[in-house]
Amino acid sequence: MEIAPEDGLKHRYLVGVAVDPADPDAVIVSATDGPGSAYWPRSAEAYVYRKTGLKRWEQAMSGLPESKGTTATRFATHAGEPGVIYAANNRGLFRSGDAGRSWKALDLHRPEPGLADGVAAIACLPE
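The shown structure was predicted, so the numbers you read here are calculated from the model rather than taken from an experiment. Positions within a chain are numbered from 1, following the residues in the order the chain's sequence is written. With the structure being a predicted model, the display of local features is reserved for residues of pLDDT at least 70 and the display and counting of side-chain atom pairs for 80 or more, all residues being used for whole-chain, interface and lining totals. No hydrogens and no water enter the side-chain calculation; it runs on all heavy atoms of the structure.

### Things to note about the sheet that holds strand β3 (residues 47–52)
- Should DSSP find at least two bridges between two strands, the strands are taken to pair. Helical segments are the DSSP runs of H or I of at least four residues, strand segments are the runs of E of at least two, and each set is numbered from the N terminus. With respect to topology, four strands assemble into an open sheet ordered β1-β2-β3-β4, the strand pairing being antiparallel. Both edges of this open sheet fall to β1 (13–20) and β4 (58–59), since each of them pairs with a single strand only.
- Relative to β4, β3 is paired through two bridges, and the arrangement is antiparallel. Looking across to β4, one finds that R50 is bridged to E58.

### Considering the sheet that holds strand β5 (residues 74–76)
- If you walk across this open sheet you meet the four strands as β5-β6-β7-β8, and the pairing is antiparallel. The sheet terminates laterally at β5 and β8 (104–105), the two strands that pair on one side only.
- Of the strand pairs in this sheet, strand β7 (residues 92–96) and β8 are connected by two bridges, and their pairing is antiparallel. Within β8, the position partnered with F94 by the bridge is A105.

### Let's talk about empty space enclosed by the protein
- Cavities and pockets are found on a 1 Å grid laid over the protein atoms alone: a cavity is a set of points where a 1.4 Å probe fits but cannot escape, a pocket is an open set with protein on both sides within 12 Å along at least five of seven lines, and a lining residue has an atom within 4 Å of such a point. Grid points are joined across faces, edges and corners, and a volume is the space filled by probe spheres set on the points. Inspection of the entire model under this criterion finds one cavity of 30 Å³ or more.
- Roughly 50 Å³ of volume is contained in the largest cavity.
- Lining the largest cavity we find S30, A46, Y47, V48, M61, L64, P65, T70, T71, T73 and N89.
- Think of it as three bins: nonpolar holds Ala, Val, Leu, Ile, Met, Phe, Trp, Tyr, Cys and Pro, charged holds Asp, Glu, Lys and Arg, and polar takes everything else, Gly as well. Within the lining of the largest cavity, the residues separate by chemical class into six nonpolar, five polar and no charged.

### A short note on the nonpolar core
- We call a set of buried Ala, Val, Leu, Ile, Met, Phe, Trp, Tyr and Cys residues a nonpolar core when their side-chain atoms join them within 4.5 Å. Accessibility here uses a 1.4 Å probe with only protein chains present; expressed as a share of the type maximum, an area under 20% marks a residue as buried, one over 50% as exposed, and anything in between as partly exposed. Core analysis: the biggest nonpolar cluster contains 10 residues, these being A18, I28, V48, A60, L64, F75, I85, A87, F94 and W103.
- Contact criterion: two residues are considered in contact whenever any of their non-hydrogen atoms come within 4.5 Å of each other. Every residue in contact with F94, bar those within four places of it in the chain, is listed here: G63, L64, P65, I85, Y86, A87, N89, W103, K104, A105 and L106.
- Among the nonpolar cores identified, the runner-up in size contains seven residues, and L9, V29, Y49 and W57 belong to it.

### A closer look at unusual backbone geometry
- The backbone of A99 sits at a positive phi, close to 55°, despite the residue not being glycine.
- Here A99 is to be found in the loop between β7 and β8.
- We classify A99 as buried; its relative accessible area is 5%.

### Considerations on the confidence of the model for the protein
- Per-residue confidence from the predictor is reported as pLDDT, a score between 0 and 100. Mean pLDDT over the protein: 88, with 84% of residues reaching 70 or higher.
- The model gives residues 120–127 a pLDDT under 50, and that stretch makes two contacts with residues more than four places away or in other chains.

### Details of the side chain of H11
- Mapped onto the secondary structure, H11 falls in the segment before β1.
- By relative accessible area, H11 is classed as buried at 9%.
- Pairs of N or O atoms are called polar contacts if they sit within 3.5 Å, as long as, within protein, a hydrogen donor faces a hydrogen acceptor (for residues adjacent in sequence, only side-chain-to-side-chain pairs). At 2.6 Å, the side chain of H11 and the side chain of Y49 are in polar contact.
- Contact partners of H11, with chain neighbours within four places excluded, come to A31, T32, D33, Y47, Y49 and Q59.

Structure below.
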């Protein structure tokens, strides 16, 4: 039985995408029902899905905040960190060390009113 590319995705408005630098078959996406549930925290309901190879998409929310009230997640990877994916949304910054199977919140101080200021501050930190 052939699997369609969207099999397993219950939410098909895709916002963010990342590929594991160590395994190009491991893909993560952020998905919602549409723009209204992607960007506005009051009506937000976003999910993270993971797929490897020709398998079906599966939700990969372990360690992430509940979907209701969470805006669409954006992702980042670095070639020097195989298997590591970073995720950011209105609820915080998260790290996965297992290519998106599970997530842990990063304990970072972020200025109010939101994550955008915190991400900008992180980008300015010296290496």
